[in-house]
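# Notes for the structure review
Each chain, written out:
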Amino acid sequence: MAGRDTAQLFTLGVELARIVDEVRARPPSPDEAELLDIEPGVSVLALRKTSIDITDRIVEVADVVFPGDRTELVYPAELKRWKP
């Protein structure tokens, strides 16, 4: 998804330098519990995705809430090969 967002912003003259994802577990609000059909005692995962351009300007912030009992977050990290 980030690749598509990056390309769309680039067509507007915005070049992203980084994206910061913040994930927090918390109790749902009453509206969230109803909308997500969450049983009592189940937490939600709140994701805030902040996109920052090459001038260090925040160009997009997105907040998404997921049901904690049905969500898996996977963050792959590609590493550069270490050469002695």
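This is a predicted model, so every value here is computed, not measured. (Residues numbered from 1 in each chain as written. Predicted model: local features only at pLDDT ≥ 70, side-chain atom pairs only at ≥ 80, totals over all residues. Heavy atoms only, no water.)

Moving on to the UniProt feature "domain: UbiC transcription regulator-associated" (unreviewed entry) in the protein. The sites that UniProt annotates as "domain: UbiC transcription regulator-associated" (unreviewed entry) are residues 12-71. Here residues 12-71 is 12% helix and 52% strand, with 33 Å between the C-alpha atoms at its ends. (UniProt positions renumbered as here; feature names shortened; annotations may be inferred. Helix = DSSP H or I, 4+ residues; strand = E, 2+ residues; numbered from the N terminus.)

We now examine the pairing of strand E3 (residues 58-67). As paired strands, strand E2 (residues 44-53) and E3 are joined by 9 bridges and run antiparallel to one another. Following the sheet pairing, Ile 52 is matched in E3 by Ile 58. Counted between consecutive antiparallel strands, the loop separating E2 from E3 contains 4 residues, among which Asp 56 sits at a positive phi close to 70 degrees. (Pairing = 2+ DSSP bridges.)

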